[in-house]
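Per-entry structural report
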Amino acid sequence: MISLKSSREIELMDRAGTVVALVHKRLKEEIKPGMTTKHIDQICEEVIRENGCTPSFKGLYGFPGSVCTSVNEVLVHGIPGSQILKNGDIISVDVGACYKGYHGDSAWTFLVGDVDEKTRDLCRVTEEALYKGLEQVRPGNRIGDISWAIQSYVEAHGYSCPIEYTGHGIGKSVHEDPYVPNVGRPHTGPILKRGMCIAIEPMVFMGKPHCHTLDDDWGVVANDHSLSAHYEHTIAITADGYKILTKED
Ligand code: MG
Ligand code: MG
């Protein structure tokens, strides 16, 4: 069931989302070669708690970290640990914060030191795909319009999105209805309505979309081990478009 949020609920989600944005701002300053993914997790948890929120992902479905730290070929759900970032790596950090029972969710891929042009292009296209999806958001359009905008943009650049991993509705739970796939057809799926809150999140492989879970049961990698990137915003659908909740006010 897709729930429509009141303006009061959207205010709480906006607060949670602003804290998620603060985390990403801090990460942009802090991430550098030599850091462990565990250290990144600690920074995120500190910023989340200092701002009166709790980390949404800690314990969610049993996840052990406060945030997901997915390095290079890991698409999503990387567990923070002893892995040390090297010059030229990319790391996707997926951050969720909960304020008074309402969640904000945003992922960003960060460049570690000097990153080669091919990898930067993957990141650029994935971020642009997020904005292509956002351009479709207004009452009366459908979820499939978002999906198609993302898929067609990503595939035009020779990259791919796996069908198994999708965006989602969000509110009192991190993951609510509807699914917001990165692959789909225009004019299909649920109709967007004012008060719906969704997370749009292109997850993109440089190679083919077929993927599998690592032995740790969490990290997801392409079968061809290509690099991957991930950008995500939580938004609220307004009377004539949308508001991004996971950015600074
Ligand atoms: Mg996320
Ligand atoms: Mg999400």
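Everything below is about the structure shown above.
Quick caveat, the model's predicted, so the values are computed rather than measured.

Scoring rules and cut-offs
Residues numbered from 1 in each chain as written. Chains lettered and ligands numbered in written order. Predicted model: local features only at pLDDT ≥ 70, side-chain atom pairs only at ≥ 80, totals over all residues. Heavy atoms only, no water. Pairing = 2+ DSSP bridges. Helix = DSSP H or I, 4+ residues; strand = E, 2+ residues; numbered from the N terminus. Phe/Tyr/Trp six-rings, centres within 6.5 Å; stacked < 30°, edge-to-face > 60°. Buried < 20%, exposed > 50% of the residue type's maximum accessible area, 1.4 Å probe, protein only. Donors = N, O, S within 2.8 Å, 3.2 Å for Na, K, Ca; no water. Axes fitted to C-alpha atoms, helices over the stretch in contact; angles between N-to-C directions. Parallel < 35°, antiparallel > 145°, perpendicular 65-115°, else oblique. Left-handed = near helix turned anticlockwise from the far one by under 90°. Contact = heavy atoms within 4.5 Å. Core = buried A, V, L, I, M, F, W, Y, C linked by side-chain atoms within 4.5 Å. Polar contact = N/O pair within 3.5 Å; in protein donor to acceptor, adjacent residues only side chain to side chain. Expected span 1.5 Å × (residues − 1).

**A word on the pairing of strand β6 (residues 176-180)**
Pairing analysis gives three bridges linking strand β5 (residues 167-169) to β6, with the strands arranged antiparallel. Directly across from H168, in β6, lies its bridge partner Y179. In this antiparallel pair of consecutive strands, β5 and β6, the connection spans six residues.

**Brief notes about the packing of aromatic side chains**
By convention here, two paired aromatic rings are described through the distance between centres and the angle between planes. Under the definition given, this model contains two aromatic pairs. For the pair F63 and W218, a centre-to-centre distance of 5.0 Å together with 85° between the ring planes defines the contact as edge-to-face. On the criterion of sequence distance, the pair formed by F63 in the loop between β1 (54-55) and β2 (68-71) and W218 in the loop between β9 (211-213) and β10 (220-222) is long-range, its members being 155 residues apart. Both residues of the pair, F63 and W218, count as buried. Summarising the aromatic geometry, the rings of W108 and Y231 are spaced 5.0 Å apart at their centres and angled 75° between planes, so their arrangement reads as edge-to-face.

**Concerning the coordination of the magnesium ion (ligand 2)**
The protein atoms that coordinate the magnesium ion (ligand 2) are D105 (OD), H168 (NE2), E201 (OE) and E232 (OE), at distances of 2.1 to 2.2 Å. Here the magnesium ion (ligand 2) and the magnesium ion (ligand 1) are spaced 3.1 Å apart, linked through D105, which binds each one. Separated by 63 residues along the polypeptide, D105 in strand β4 (residues 102-111) and H168 in strand β5 bring together distant segments of the chain.

**Quick notes on the packing of helix α1 (residues 7-30) against helix α2 (residues 37-50)**
α2 packs onto α1 with a crossing angle of 140° between their chain directions and a minimal axis gap of 9 Å. Considering their axes alone, α1 and α2 lie oblique with respect to each other. Considering how the two elements wind past one another, α1 and α2 form a crossing that is right-handed. Residue-level contacts link V19, L22, V23, R26, L27 and E30 of α1 to I40, I43, C44, E46, V47 and I48 of α2.

**Looking at the nonpolar core**
Across soluble globular proteins, you tend to see nonpolar side chains buried next to one another. Ranked by size, the top nonpolar core spans 60 residues in total, and within it L27, I31, I40, I91, V93, I146 and I200 carry the most contacts. For this core, the elements supplying multiple residues, two or more each, are α1, α2, β3 (90-99), β4, α3 (117-134), α4 (143-156), β7 (197-200) and β12 (233-237). Of the residues forming this core, the biggest block, eight residues, is contributed by α1. Beyond its immediate sequence surroundings of up to four residues, V93 is in contact with H24, L27, I31, I40, C44, V67, C68, S106, A107, W108 and F110. One finds L75, Y165, M203 and F205 within the second-largest nonpolar core, a separate group that totals eight residues.

**Let's talk about the coordination of the magnesium ion (ligand 1)**
Within the protein, the atoms that donate to the magnesium ion (ligand 1) are D94 (OD), D94 (OD), D105 (OD) and E232 (OE), at distances of 1.9 to 2.5 Å. When the donor residues of the magnesium ion (ligand 1) are listed from N- to C-terminus, their spacing reads D-x10-D-x126-E. The class for D94 is buried, based on a relative accessible area of 10%. Of the residues examined, E232 reaches a relative accessible area of 0% and is grouped as buried.

**Section: the packing of α3 against α4**
α4 packs onto α3 with a crossing angle of 150° between their chain directions and a minimal axis gap of 8 Å. The angle between the axes of α3 and α4 places the two elements in the roughly antiparallel class. Crossing hand, α3 versus α4: right-handed. Of the residues in α4, those in contact with V125, E128, A129, K132 and G133 of α3 are I146, A149, I150, Y153 and V154.

**With respect to the side chain of D89**
With respect to the helices, strands and loops of the structure, D89 is situated in the loop between β2 and β3. A polar contact is formed between the side chain of D89 and the side chain of N72, at a distance of 2.9 Å. For D89, the side chain forms a polar contact with the main-chain nitrogen of K86, separated by 2.8 Å. Those residues in contact with D89 that sit more than four places away from it in its chain are V71, N72, I84, F110, L111, V112 and V115.

**What about the sheet that holds β12?**
Read across the sheet, five strands follow the order β6-β5-β7-β12-β13 without closing on themselves; strand pairing throughout is antiparallel. Looking at strand neighbours, the two that pair on one side only are β6 and β13 (242-244), the edges of this open sheet. Across the sheet, the mean angle separating the axes of adjacent strands is 25° when strand polarity is ignored. Against the sheet, α3 makes contact with β7, β12 and β13, and its axis sits at roughly 10° relative to β12, the strand it touches most.

**Some remarks on α2**
With 14 residues, α2 extends 20 Å between its outermost C-alpha atoms, agreeing within 8% with the 20 Å of an ideal straight helix rising 1.5 Å per residue. T37, I40, D41, I43, C44, E45, V47 and I48 are the residues of α2 that are buried. Where α2 is buried, its residues meet α1, β1, β2 and β3. Taken from the residues just after α2, G52 is the one with a positive phi, measuring 75°.

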